[in-house]
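Chain by chain, the residues run as shown.
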Amino acid sequence: MSALTITRREAPPRTVWALEQAGVPTLLARLFAARGVKSADELDDGLARLLPPATLAGAADAAKRLADAIERRERICIVADYDCDGATACAVAIRGLALLGMPREALAYVVPDRAVHGYGLTPAIVDLAAAQRPALLLTVDNGIASLEGVAHARAQGIAVLVTDHHLPAQQDGRVVLPEADVIVNPNQPGCGFASKNLAGVGVMFYVLLALRGELRERGAFSAESQPRLDALLDLVALGTVADVVRLDANNRRLVAQGLRRIRAGRLHAGLAALFAAAGRDARRASAFDFGFALGPRINAAGRLADMTLGIECLLTDDAAHAAELAKTLDGINRERRELESGMREQAEAMLEALMPKGDAPAALAIFDEGFHEGVVGIVAARLKDRVHRPTFVFARGQDGLLKGSGRSIPGFHLRDALDLVSKRHPGLLRRFGGHAMAAGATLAEAGLPTFAAAFEQVARESLDAATLARTLLTDGPLEPAQFDAATVRALDAQVWGQAFEPPVFCDEVEIVSQRLVGERHLKLAVRHGGALRDAIWFGRSEPLGARARLAYRLSVDEFNGRERVQMVIEGCDEAR
């Protein structure tokens, strides 16, 4: 584990005061100001405050093409992705188009098998979709880099509408877009949409908003009788959080609206079944549930089995069938956790061999014959967290090539790094793509040493000591009077996530007692603010000294009808 430095977020006093004057409670005002919120208007999560669909390039053209398809009763095949964002986007597309007048029997979908087809709208997936005899292919959460797949579809006379949020492909240093009939993507050149952080499911939801407006203009319904698309927001919220996109103000509104519906019991049968399978209470739903309970169960299907299971769970309105599918997904997720545990242990052993003196290289690339392609991204994230270095983990695909998934640290754009590696070593990477913080790459096994050296070289050139230092941002001390269940509930009611991180407090405490539970978790009693507090540090077995400065989250345990607030420790500076 790299050394940890605990620092405090700055909350501008003037902004805190302004938020307080607008009625925001003092603690929340401090937390919001430290995360860049400048006025109470940014905290208004009403649907009327969503960015208008008209500003999303391509949305109006997509609406016209889909409205034509509805009027002509054309058959549409949705091409989904095999992660939670892709699954929710597919479900939102099918449910939304049906709400807006497309007969359900005219809608079909296909989703690639990760191991067989790879990612995106490949020619093989086009051929699979063509068996449904569609007039239109509608991609969700993919397609922006599918140059060959789009060309293959159009050569067969099938129209293509791409909805995506990933970065476009580049050739010879310039952006290249597929020759689709319509492209909707906030990250395409020339798009003036104010948020570049929509998830794939968010893009699809915006297309439906534009389509509803187009159909209203055509007289399909009035403003008073138009279908209520907010019924889809529980799915939009799940996909947005699970895809770990930045929770800017617009995304926070989408997630907040979805959570509101779920807490009120107005959620789809599949989500209700997933909450039950995960042992979570939907009436107290939080973004944490999306990211750590529901999302992983959907993603497990795409990693180890068939994402059709996840999509069908989100599409069914039959509670009993949803419960069966959720139970199956829960079982797959348990298998995923076991597989991940073994892979992580193996990867950490390999990591030790790369760090004979305890110093990690600037970037890591690891492969083992026993690694599973569906879990490499999770293992890469675990290693990245441990050593605070950009990390790629590879597994052998069915075609014999190495399929890698990478995770990065702040200050190092992973996709741009891959682009630089490909320029310096033409032909080394068969395929690559992704984002700043997560990306994928495919190469031959013989090229792995070259890739590892080139990847590390790019990292050495762009990462300085400050970027490589592991830093934990906190929100400073918590007043002893606020250490209660009411504070936890107030915090849990907010939308936290990527780039709007949940609160982590920091206080110096006296260690009163400590013991191991479950062989690898440190259970403590600490004195904080003159009171005795419960604390737990998951994954830590080494004891602490007599005093320590703890960085911690707050959580509530319920046992025998009693609530107990505890610290969940994220890190510490032990007092010298």
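Just so you know, these numbers come straight off a predicted model, no measurement behind them.

Chemist: Just give me the short version of the packing of aromatic side chains, but keep the residues and values in it.
Modeler: Scanning all chains against the criterion turns up 13 aromatic pairs. Seen from their ring centres, Phe394 and Phe451 are 5.5 Å apart, and the 85° between their planes marks the pair as edge-to-face. Placement of Phe394 in strand S10 (residues 391–396) and of Phe451 in helix H16 (residues 448–462) is noted, with a sequence separation of 57 residues between them. Assessed through its relative accessible area of 0%, Phe394 is described here as buried. Phe451 sits in the buried class, given a relative accessible area of 0%. Where Phe412 meets Phe455, the ring centres are 6.1 Å apart and the plane angle is 65°; that geometry is what we call edge-to-face.

Chemist: Can you tell me about helix H12 (residues 308–315), naming the residues and giving the values?
Modeler: Taken together, the buried positions of H12 are Gly310, Ile311, Cys313, Leu314 and Leu315. On the buried face of H12, the contacting elements are helix H4 (84–99), strand S3 (107–110), helix H8 (233–242), helix H10 (269–277), helix H11 (287–304) and helix H13 (319–354).

Chemist: Just give me the short version of the side chain of Thr139, but keep the residues and values in it.
Modeler: With respect to the helices and strands, Thr139 occurs in strand S4 (residues 136–140). A polar side-chain atom of Thr139 sits 2.7 Å from the main-chain carbonyl oxygen of Asn142. In this view, Thr139 contacts Val79, Leu121, Leu161, Val162 and Thr163; residues no more than four positions away in its chain are not counted.

Chemist: So what's going on with the nonpolar core? Which residues, and what values?
Modeler: Of all hydrophobic cores here, the largest spans 124 residues; its most connected members are Ile76, Ile78, Leu211, Phe290 and Leu550. If you tally residues by element for this core, the top one is helix H7 (residues 200–217), at eleven residues. If we ignore the near neighbours within four places in the chain, the residues touching Leu211 are Ala63, Leu66, Ala67, Ile70, Leu97 and Leu100. By size, the runner-up hydrophobic cluster in this structure holds 25 residues, among which are Ala363, Ile409, Leu414 and Ala459.

Chemist: I'd like to hear about the environment of Arg430, residue by residue, with values.
Modeler: With respect to the helices, strands and loops of the structure, Arg430 is situated in the loop between helix H15 (414–424) and strand S12 (431–434). For the pair formed by Arg430 and Gly213, sequence separation is 217 residues and the distance between their alpha carbons is 42 Å.

Chemist: Lay out the sheet that holds S3 with the relevant residues and their values.
Modeler: The sheet built from five strands is open, its strands ordered S3-S2-S4-S5-S8 with parallel pairing. Among the strands making up the open sheet, the edge pair consists of S3 and strand S8 (182–184). Neighbour to neighbour, the strand axes of the sheet diverge by 20° on average, direction disregarded. In this structure, strand S2 (residues 76–79) lies alongside S4, joined through four bridges in parallel fashion. Paired with Val79 across the strands is Thr139, a residue of S4. Sheet strands touched by helix H3 (residues 59–72): S2, S4, strand S5 (159–163) and S8. Its angle to S8, the strand with the most contacts, is close to 125°.

Chemist: Explain the pairing of strand S9 (residues 364–367) to me, using residue names and the numbers behind them.
Modeler: Side-chain alternation along S9 places Leu364 and Ile366 on one buried face and Ala365 and Phe367 on a second face that is also buried. Inspection of the sheet shows S9 paired to S10 by four bridges, in the parallel sense. If you follow Ala365 over to S10, its bridge partner there is Phe392. For the crossover from S9 across helix H14 (residues 376–387) to S10, the handedness is right-handed.

Chemist: Lay out the sheet that holds strand S13 (residues 438–443) with the relevant residues and their values.
Modeler: Pairing is mixed in the open sheet, where five strands are placed in the order S9-S10-S11-S13-S12. Of all the strands in the sheet, just S9 and S12 have a single pairing partner and so form its edges. For this sheet, the mean inter-axis angle between neighbouring strands, taken without regard to orientation, is 15°. In this structure, S10 lies alongside strand S11 (residues 402–407), joined through six bridges in antiparallel fashion. Residue pairing for S11: Phe394 is matched across the bridge by Gly404.

Chemist: Can you lay out the side chain of Arg261 for me, pointing to particular residues and giving the numbers?
Modeler: Relative to the assigned elements, Arg261 resides in helix H9 (residues 249–263). Among residues more than four places away in sequence, those in contact with Arg261 are Asp230, Ala231, Leu233, Arg266 and Leu267.

Chemist: Can you explain the packing of helix H1 (residues 13–21) against helix H2 (residues 26–34)? Please cite residues and give values.
Modeler: Contact pair H1 / H2: the axes reach a minimum separation of 9 Å and the direction vectors enclose 135°. Here H2 runs oblique to H1, going by the angle between their axes. H1 and H2 meet at a crossing whose hand is right-handed. Contacts between H1 and H2 pair Thr15, Val16, Leu19 and Glu20 from the former with Thr26, Ala29, Arg30, Phe32 and Ala33 from the latter. Classifying every residue of the contact of H1 with H2 gives five nonpolar, two polar and two charged.

Chemist: So what about the pattern of salt bridges? Which residues, and what values?
Modeler: This structure, assessed with the given rule, holds 38 salt bridges. A salt bridge links Asp419 to Lys423; the shortest N-O distance between them is 2.5 Å. Here Asp419 pairs with Lys423, and both are found in helix H15, just four residues apart, close to one helical turn. For Lys423, a relative accessible area of 44% puts it in the partly exposed group. For the salt bridge of Glu508 with Arg547, the shortest nitrogen-to-oxygen distance reads 3.1 Å. Placement of the pair is Glu508 in strand S15 (residues 505–517) and Arg547 in strand S18 (residues 547–559), with a sequence separation of 39 residues. Relative accessible area serves as the criterion here: at 47%, Glu508 is assigned to the partly exposed category. A relative accessible area of 36% places Arg547 in the partly exposed class.

About the cut-offs
- The numbers attached to residues start from 1 for each chain and follow its sequence in the written order.
- Per-residue local features of the predicted model are confined to residues with pLDDT of at least 70, and side-chain atom pairs are confined, for both listing and counting, to 80 or more; whole-chain, interface and lining totals are unaffected and use all residues.
- As a convention, hydrogens and water are excluded, and side-chain values are obtained from all of the structure's heavy atoms.
- Within 6.5 Å between ring centres, the rings of Phe, Tyr and Trp (the latter by its six-membered ring) count as paired, and their orientation is classed by plane angle as stacked under 30 degrees, edge-to-face over 60, tilted in between.
- Per the convention used, a helix needs a DSSP run of H or I reaching at least four residues, while a strand needs a run of E reaching at least two, with both numbered from the N terminus.
- Using a 1.4 Å probe on the protein chains alone, a residue whose accessible area is under 20% of its type maximum counts as buried, one over 50% counts as exposed, and one in between counts as partly exposed.
- Should any heavy atoms of two residues lie within 4.5 Å, those residues are considered in contact.
- We call two N or O atoms a polar contact when they sit within 3.5 Å, provided that within protein one can donate a hydrogen and the other can accept it, with sequence-adjacent residues counted only if both atoms are side-chain atoms.
- Each nonpolar core is a collection of buried residues, namely Ala, Val, Leu, Ile, Met, Phe, Trp, Tyr and Cys, held together in the definition by side-chain atoms within 4.5 Å.
- Whether two strands pair depends on DSSP finding at least two bridges between them.
- Every axis in this analysis is a line fitted to C-alpha atoms, fitted for helices over the stretch in contact. Angles between the N-to-C directions lie between 0 and 180 degrees.
- Handedness is read with the strands pointing away from the viewer; a crossover is right-handed when the path from the first strand over the helix to the second is clockwise.
- Throughout this description, any angle smaller than 35 degrees is read as roughly parallel, any larger than 145 degrees as roughly antiparallel, any in the 65 to 115 degree range as roughly perpendicular, and the remainder as oblique.
- Here a crossing is taken to be left-handed if its near helix is turned anticlockwise relative to the far helix by less than a right angle, and right-handed if that turn runs clockwise.
- All amino acids are sorted into three groups, where Ala, Val, Leu, Ile, Met, Phe, Trp, Tyr, Cys and Pro are nonpolar, Asp, Glu, Lys and Arg are charged, and the leftover types, Gly among them, are polar.
- By convention in these notes, a salt bridge is any Lys or Arg side-chain nitrogen within 4 Å of a carboxyl oxygen on Asp or Glu.

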